[in-house]
Amino acid sequence: MTIDYQQKIPNNVDLASDKTLQRALEHWQPEFLNWWSDMGPEGSHQYDCYLRTATSVDQAGWATFGYVKMPEYRWGIFLNPQVPDRKIAFGAHKGEPVWQEVPGEYRANLRRIIVTQGDTEPASVEQQRHLGLTAPSMYDLRNLFQVNVEEGRHLWAMVYLLHRYFGRDGREEAAALLERRSGDADNPRILGAFNERTPDWLSFFMFTFFTDRDGKFQLSALTESAFDPLARTTQFMLTEEGHHMFVGRNGIRRIVDRTCEVMQRERTDNPEKLRALGVIDLPTIQRYLNFHASVTADLFGADLSSNAATFYTTGLKGRYMESRLKDDHQLLEATYPVLNASSGQILSEQAPALNALNERLRDDFIKDSNSGVDAWNKNLEERGIDFRFGVPHKAFNRQIGSLAALKISPEGKVISAQTWNANVRDWLPTPEDCAFVQSLMGRVVEPGKFANWIAPPSSGINGQPVECEYVRFS
Ligand SMILES: [Fe+2]
Ligand SMILES: [Fe+2]
């Protein structure tokens, strides 16, 4: 089989001139398409969808819009332009030139970082594959598909690095990325949150709000990498991540909007009454928020981690906004506060900053999440509604790290198992909540129509009207 790479796989890495890479991708591409056909959005393969495709990294080319059938989507490989004379910004190699090839001694760790990032991309497509069947509108259906194809492109981005720089091991890892399955008992995805189900659209919006934001922070830390191709490819991935988080932030805002409208019209905040009117009461939204925030907080890993220290010291993974931070960028003496839960309460203690890098990235993530939630609260305030959303304390409902041993309330208080059991129905989605949200899910796909539980967006995609036919079914 021959592929016209410029045509079939838009790229700025001169794919056609690299025969080894070309052969590797010739084997991998049909496997990817098989995976998409099995695990991509259910029932969608014949649809014409109004999607953006990256055809270059510049202003004009990174978002080219048009109708495309998703199996024919042009998943491209794009790295941001090389910065001439770029130097390593942190760690033991600080000040040395960045690497264009993988140093032998860091090969295993770099491969692990790339595989772990790469694994999340197809995982989320698998988690979301049934959602199209219950889309609340054609606009939302299109956004779901946009997120899905771009996660597919992110997989391509990581697979390119594996094929190009890691030889046979890389090819084996690239194959394994298509074999693991989200939630599979025998061969699951690598990280916990990517094995959870995304059973309804409230979950989907929370996922794109929180878990794609984890993506933003992980990718940002990798944009600092001394391995230049990884830095450049993650820089470009971040431009797409922005839209994924927009889908979440705006999706929740529209749900809240609709609920508030009904609350004000009916003059009630009674959850039972609101549910009977077919909208999602605010406390239920908060419980979903608590669940997704805590599951995502776990993705940052143990609060103290010698791996994180090694990745930093060896220049593989930096901090969020590393180059803008004002310190020695080596952290040999520095400390950072972490929570210690050993004595039955949580105390903030100073730990070596190098070992606390996961915690630091988690804190950066929580700060960023809070600013999104503040926007929903501003809306409530403007409407004069006496309810505020909050991101739970970072120790709440954790399954990883020293905090996992304790029961901790959303406010961050250590509590007994008894108190936990007495309150957990107010803090995390109950089976009844999930069943109710599920009961609202039905397919609304007439252009310009929206399910009862969600308000229309204020504008459409790429200057198109809200009622545009974003998806043509035949
Ligand atoms: Fe992604
Ligand atoms: Fe994403």
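Each remark here, short or long, concerns the structure printed above.
Residues numbered from 1 in each chain as written. Chains lettered and ligands numbered in written order. Predicted model: local features only at pLDDT ≥ 70, side-chain atom pairs only at ≥ 80, totals over all residues. Heavy atoms only, no water.

## Re the environment of Asn187
For step 1, the next point in the chain: Looking at the secondary structure, you find Asn187 in the loop between α5 (167-177) and α6 (201-222).
For step 2, the next point in the chain: Relative accessible area serves as the criterion here: at 32%, Asn187 is assigned to the partly exposed category.
For step 3, the next point in the chain: Distance from Asn187 to Leu141, taken between C-alpha atoms, is 29 Å for residues 46 residues apart in sequence.
For step 4, the next point in the chain: In this structure Asn187 touches Glu179, Arg180 and Arg181, once residues within four positions along its chain are discounted.
For step 5, the next point in the chain: Only 3.4 Å separates the side chain of Asn187 from the backbone oxygen of Glu179, close enough to count as a polar contact. (Helix = DSSP H or I, 4+ residues; strand = E, 2+ residues; numbered from the N terminus. Buried < 20%, exposed > 50% of the residue type's maximum accessible area, 1.4 Å probe, protein only. Contact = heavy atoms within 4.5 Å. Polar contact = N/O pair within 3.5 Å; in protein donor to acceptor, adjacent residues only side chain to side chain.)

## As for the coordination of the iron ion (ligand 1)
For step 1, the next point in the chain: In this structure, Glu121 (OE), Glu151 (OE) and His154 (ND1) serve as the protein donors to the iron ion (ligand 1), at separations of 2.0 to 2.2 Å.
For step 2, the next point in the chain: The sequence motif formed by the donor residues of the iron ion (ligand 1) is E-x29-E-x2-H.
For step 3, the next point in the chain: Distance-wise, the iron ion (ligand 2) is placed 3.5 Å from the iron ion (ligand 1), both being coordinated by Glu151. In this pair, Glu121 is assigned in helix α3 (residues 107-127) and Glu151 in helix α4 (residues 138-165), connecting sequence segments 30 residues apart. Here Glu121 matches Glu151 in class, with each residue buried. (Donors = N, O, S within 2.8 Å, 3.2 Å for Na, K, Ca; no water.)

## Describing the packing of α6 against helix α9 (residues 282-298)
For step 1, the next point in the chain: Axis separation between α6 and α9 bottoms out at 9 Å; the angle between their running directions is 30 degrees. The two elements α6 and α9 meet at a crossing, and its hand is right-handed. Residues Leu202, Ser203, Met206, Phe207, Phe210, Thr211 and Asp214 of α6 form the contact with α9, whose participating residues are Ile285, Tyr288, Leu289, His292, Ala293 and Thr296.
For step 2, the next point in the chain: Looking at the contact of α6 with α9 residue by residue, the class counts come to eight nonpolar, four polar and one charged. (Axes fitted to C-alpha atoms, helices over the stretch in contact; angles between N-to-C directions. Left-handed = near helix turned anticlockwise from the far one by under 90°. Nonpolar A, V, L, I, M, F, W, Y, C, P; charged D, E, K, R; others polar.)

## Digging into the coordination of the iron ion (ligand 2)
For step 1, the next point in the chain: Bound to the iron ion (ligand 2) on the protein side are Glu151 (OE), Asp212 (OD), Glu241 (OE) and His244 (ND1), at distances that span 1.9 to 2.2 Å.
For step 2, the next point in the chain: Viewed at the metal, the four donor atoms of the iron ion (ligand 2) are separated by angles of 90 to 175 degrees, and the geometry they form is irregular.
For step 3, the next point in the chain: Taken in chain order, the donor set of the iron ion (ligand 2) reads E-x60-D-x28-E-x2-H. (Tetrahedral: all angles 85-135°; square planar, octahedral: opposite > 155°, others 65-115°.)

## Regarding helix α7 (residues 228-266)
For step 1, the next point in the chain: Relative to the 57 Å expected for 39 residues at 1.5 Å per residue, α7 spans 58 Å between its end C-alpha atoms, a close match to the ideal helical length.
For step 2, the next point in the chain: Maximal helix bending in α7 amounts to about 30 degrees, located at Thr239.
For step 3, the next point in the chain: Of all 39 residues in α7, 28 are buried, a share of seventy percent or more. (Expected span 1.5 Å × (residues − 1). Bend = angle between axes of the 7 residues up to and from the residue.)

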